[in-house]
Amino acid sequence: MLQRSGKRTQSQVLMRQSSILDHFSLTNRGKRSKTEAEPVVPFSEPEVSHYPVEDTQEHQRRVLQNESDSYLIDGPQEPDTLLDWEKKLNRVLKKHFGYPFLKKFQKEALEAWLNHQDCLVLAATGSGKSICFQIPALLTGKVVVVISPLISLMHDQCLKLAKHGVSACFLGSGQPDSSVEKKAMGGAYSIIYVCPETVLRLIQPLQKLAETRGIALFAIDEVHCVSKWGHDFRPDYRRLSILRENFSSSTLNFLKYNVPLMALTATATVQVREDILKSLCMSKETKIILTSFFRPNLRFSVKHSRTSSPSSYRKDFSNLIDVYAGNRRFGNKKQTIISHKPDSVLDCSTDCGLYEVDKISPNDLEDTDDSDSDKDDEVDSSEECLPSPSKERTMSVEYLENEVDVFQSVDDWDVAYGEFCGQLVCEDTDVDTEKINLLDKADERQKSSQESLDQGPTIIYVPTRKETLSISKFLCQCGVKAAAYNASLPKSHLRMVHKDFHENNVEVVVATIAFGMGIDKSNVRRIIHYGWPQSLEAYYQEAGRAGRDGKLADCILYANLTRIPSLLPSRRSEEQTNQAYRMLSDCFRYGMNTSNCRAQKLVEYFGETFDREKCLMCDVCVKGPPNMQNLKEESDILMQAIAAHHRYLEEASYDNFSYSDVKHRSREKPNLRFFVSKVREQTLKFAATDILWWRGLARILEYKGYLKEGDHKIHVQIKFPELTKLGLEFLSRSDQTFNVYPESDMLLSIAKPKSFSSFSEWGKGWADPAIRRERLKRRRQFVDKSQGPRSRSRKPRKRKSRKQNFDSKTVRGRLTAKLSIKK
Ligand SMILES: Nc1ncnc2c1ncn2[C@@H]1O[C@H](COP(=O)(O)OP(=O)(O)OP(=O)(O)O)[C@@H](O)[C@H]1O
Ligand SMILES: [Mg+2]
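These numbers were taken from a predicted model, which means no experiment stands behind them. (Residues numbered from 1 in each chain as written. Chains lettered and ligands numbered in written order. Predicted model: local features only at pLDDT ≥ 70, side-chain atom pairs only at ≥ 80, totals over all residues. Heavy atoms only, no water.)

Novice: Would you take a moment to explain the overall build of the protein chain for this structure?
Specialist: Across its full length, the protein chain carries 35 helices and 21 strands. Across the 823 residues of the protein chain, 56% fall into the buried class. For the protein chain, restricting intrachain contacts to residue pairs at least 6 apart in sequence, the fraction spanning at least 24 positions comes to 77%. Of the roughly 37,100 Å² that the protein chain leaves accessible, carbon and sulfur atoms contribute 49%. (Helix = DSSP H or I, 4+ residues; strand = E, 2+ residues; numbered from the N terminus. Buried < 20%, exposed > 50% of the residue type's maximum accessible area, 1.4 Å probe, protein only. Contact = heavy atoms within 4.5 Å. Areas by Shrake-Rupley, 256 points an atom, 1.4 Å probe, with all protein chains shown as cover.)

Novice: Is there a simple way to think about the pairing of strand E14 (residues 482-485) in this case?
Specialist: Within a regular strand, side chains alternate between the sheet's two faces. Of the two faces of E14, the one lined by Ala-482 and Ala-484 and the one lined by Ala-483 and Tyr-485 are each fully buried. Taking the sense of rotation as the criterion, the β-α-β connection linking E14, helix H21 (residues 491-502) and strand E15 (residues 508-511) turns out right-handed. (Right-handed = clockwise from strand over helix to strand, strands pointing away.)

Novice: Whenever I open this one, unusual backbone geometry confuses me. Can you help?
Specialist: Negative phi is the rule for most residues except glycine; trans is the rule for most peptide bonds. The backbone of Cys-281 sits at a positive phi, close to 50°, despite the residue not being glycine. Even without being glycine, His-712 reaches a positive phi, approximately 55°. Mapped onto the secondary structure, His-712 falls in the loop between strand E19 (707-709) and strand E20 (721-723). By relative accessible area, His-712 is classed as exposed at 72%.

Novice: Mind showing me how you'd approach the pairing of strand E17 (residues 553-559) here?
Specialist: With seven of seven residues buried, E17 is to be regarded as a mostly interior element. By the alternation rule, side chains of E17 split into Ala-553, Cys-555, Leu-557 and Ala-559 and Asp-554, Ile-556 and Tyr-558, which are all buried. Sheet analysis places strand E16 (residues 526-530) next to E17, joined by five bridges and oriented parallel. In the strand pairing of E17, Arg-526 is matched with Asp-554. (Pairing = 2+ DSSP bridges.)

Novice: Can you help me understand the confidence of the model for the protein chain in this one?
Specialist: Any residue range with low pLDDT should be treated as having predicted coordinates unsuitable for detailed reading. When pLDDT is averaged along the protein chain, the result is 75, and 65% of the positions lie at 70 or above. Across residues 332-401, confidence stays below pLDDT 50; counting only partners more than four residues off in sequence or on other chains, it has 132 contacts. Every residue in residues 791-823 is under pLDDT 50, and counting partners more than four places away or in other chains gives 32 contacts. Here the prediction assigns the complex a pTM of 0.75, and the interface score ipTM is 0.99. (pLDDT = per-residue confidence, 0-100.)

Novice: So what exactly am I meant to see when it comes to the site of ligand 1 here?
Specialist: Taken together, 17 residues sit near ligand 1, with Tyr-99, Gly-126, Lys-129, Ser-130 and Arg-548 positioned nearest. A distance of 3.1 Å is found between an oxygen atom of ligand 1 and a side-chain nitrogen or oxygen belonging to Asp-520. Compared with its free state, where it exposes 650 Å², ligand 1 has 88% of that area covered by protein. Residue composition of the shell around ligand 1, grouped by class: five nonpolar, six polar and six charged. (Near = heavy atom within 4 Å. Polar contact = N/O pair within 3.5 Å; in protein donor to acceptor, adjacent residues only side chain to side chain. Nonpolar A, V, L, I, M, F, W, Y, C, P; charged D, E, K, R; others polar.)

Novice: Would you mind showing me how to read the domain arrangement of the protein chain here?
Specialist: Often the size quoted for an interface is simply the accessible area lost on bringing the parts together. Split into domains, the protein chain comes out as domain 1 (82-290), domain 2 (298-324 + 452-623) and domain 3 (629-651 + 670-751). Taking both sides of the interface into account, the surface hidden between domain 1 and domain 2 amounts to around 1,800 Å²; carbon and sulfur atoms contribute 56%. If you sort the residues of domain 1 by the area they bury against domain 2, Thr-125, Trp-229 and His-231 come out on top, with a joint share of 28%. Put simply, domain 1 and domain 2 have one salt bridge between them. (Domains from an automatic or database assignment. Buried area = accessible area lost by both parts, 1.4 Å probe. Salt bridge = Lys/Arg side-chain N within 4 Å of Asp/Glu carboxyl O.)

Novice: Please explain the sheet that holds E14 as it appears in this structure.
Specialist: Pairing between the strands of a sheet is mediated by backbone hydrogen bonds and can be parallel or antiparallel. The strand order E8-E17-E16-E13-E15-E14 describes an open sheet built from six strands, whose pairing is parallel. Each having just a single partner strand, strand E8 (298-304) and E14 make up the two edges of the open sheet. Averaged over all pairs of adjacent strands, the angle between strand axes in this sheet comes to 15°, irrespective of strand direction. Pairing geometry for strand E13 (residues 458-461) and E15, over four bridges, is parallel. Each residue of the ladder has a partner; that of Ile-459, found in E15, is Val-509. Set on the sheet, helix H20 (residues 465-477) makes contact with E13, E14, E15 and E16; between it and E14 the angle comes to about 175°. (Axes fitted to C-alpha atoms, helices over the stretch in contact; angles between N-to-C directions.)

Novice: Could you clarify how one ought to interpret the packing of aromatic side chains in this entry?
Specialist: Each aromatic ring pair is described using two quantities: the centre-to-centre distance and the angle formed by the ring planes. Tallying each qualifying case throughout the model produces 24 aromatic pairs. A centroid spacing of 5.5 Å and a plane angle of 65° characterise the contact between Trp-532 and Phe-588, whose relative ring orientation is edge-to-face. Of this pair, Trp-532 sits in the loop between E16 and helix H22 (536-543) while Phe-588 sits in helix H23 (residues 574-592), and the two are 56 residues apart along the sequence. Side by side, Trp-532 and Phe-588 carry an identical accessibility label, which is buried. Among the aromatic residues, those joined into a cluster by ring pairs are Phe-293, Phe-300, Tyr-539, Tyr-540, Tyr-590, Tyr-605 and Phe-606. Lys-521 extends its terminal NZ or CZ atom over the ring of Phe-501, reaching a point 5.9 Å from the ring centre. (Phe/Tyr/Trp six-rings, centres within 6.5 Å; stacked < 30°, edge-to-face > 60°. Lys NZ or Arg CZ within 6 Å of the ring centre and 35° of its normal.)

Set out below in structure tokens:
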């Protein structure tokens, strides 16, 4: 029975010196003989129950025998054993995980837990956060409840634990499977993974579990999902404050201490951290364990690409194709790339280079479009690649809308519940500690900047579902074992791709963000982002799938650097939209950066002070920044145009721009393009300078605090520039130099002025006074001629009327008119 106890204050609780014994005081547990042989407990795939429900007690006894270190469970403990808990930890670590020692942050997290403290662990992707919450179960024999956002993640972790001899189960949010759930609540598993929706439903049974077997810890993994300011907000995570309320010593009188909360993430900005602490009602004494987010073995780079067509694919993936398909392409072309078990849903044949999901019943397809009208012209639809006529549909590009996966859904697989019984297997851990240590040294990293990568798979992240199919199809046609992964594909397919990926049967997974969090495969060698990510949090989280064995890995972002990225569609409040724009803007700036070490930019984004000068491996560190340029003249002229328009300097000496019609036009909010047209009009020298270049300069000026956004909204790139006070000061200092590194878009506009111009040649011509005069002259002649009898087709007349419209209404039209009047 659960009883309410008299209230005990937190300070009273904290006054008592805690000891490890407090954690080991088990209830309802019979003593066991140390000589008893360890049972061999079979490991099961999800949804296979090996123990009938009534065997729960017996099962629990066996689990405890198998998993926990006897001296920790059975008293009485000798004093030296208690003091030397580190030794015990190391023993558990070696026995179950095969690691020689704990990392510093892991030890700190465990110390916080031993002190009954809540703790927030912020550590890099792949640093080993999971062990922080897994070990308490092994040390105490109590249960650890882990709240996790995805079935796939929970499944993978249970599977790993089973191999490490730890029993675990996962409870998704689908139809409850009473047997697994009941056994879990009866204490049959050492670790229970549960999605937030389900844990909210299970509060009472969990309270009972806390009284019987005991709950050592609530771990909230991927805790950035709590925050509205994060990149992966889940409303159900926010309701997890219920854990603090319901598992505190003041609510449950059998508890001496609150059940500690351990929250963990690899991607939380300072704002997100504060939100987490508040939203989960974590205690004021919460220990914050902050380790470096820096991953010394990841080689970051950004490349320009249109990322939109097979011609871009050919160019951008040629290296990848060489790496994986080099031999196969020129060797035995007819070989079967993947030989699967007969029931596999995946098949890949090089005959047509197609990796297709075959014979998927319509019921399996969710959120996909039935019509074939949504054909993608860019995708090769040669006959052999088309789905065979069948009542059952074949999955192919034609059936997918150009939809996006905005977040990873909890039920990303076709299983909702699973149980895994621990059986120790000796596993080779891929972690090359020596290599990691080497890569932590600057000179070794510098050497690695040119090194080629070891063998291992690649993940390509794309924004839309359609691209997952078109790119994986393209790669398969080139002989690469590639698979698509997006939330609209059948869940059985997704599970199979996971399996094949982990078993090294797939070389490249082309995925939306649905294949993000929790992918813990040690030897992923490349993470390619093909298109702008929506935030640096998401980018770093996904990039973190690479090089988890500590060896060198590439993280390449291909993006169209000439385009301002847009937000992917999603339901957002106004506040969330602003935040989403802010995050996208940070991401855009990361791509535009040409002068700062990429790794430095990334870790500083998460509030870390980068303690070394550079990573020495990223594209910026290797190539070095471009030449610095003194852009004082260009900045002045742009800012003068802005200042003149906004009447800041109306009577001042900057009357190069005599805007008599400022008042008239002040109702229109002038954007950057407008000011650039002013500059072009006034200064012959800049008549042909591309808008891209000015866009870069405006961004730099905004970053320096000289310009600000004029419409008080958040844009990815400054849109309606206005001068700040600082900008006015800057403008008034004529002697000053303004040395800056041109950014990516500026460099591109210089390197390829034509192809990256967002003004047409026609438009550019209007900006050049000489060309404009010539054109107007020709137009007058044309008009004179056309006074006579004429026979005209409809099209030119239409064009003319559009032009007239343009002339009378738009800014450039007015400029033209003004100039022609002057003339
Ligand atoms: N003390 C240790 N010594 C060596 N390897 C370790 C240690 N702790 C964990 N690892 C290894 O680190 C890898 C990553 O662990 P884990 O999945 O817990 O990372 P994570 O920090 O949770 O990453 P993510 O943020 O991506 O979820 C695991 O495969 C594990 O084998
Ligand atoms: Mg993790």
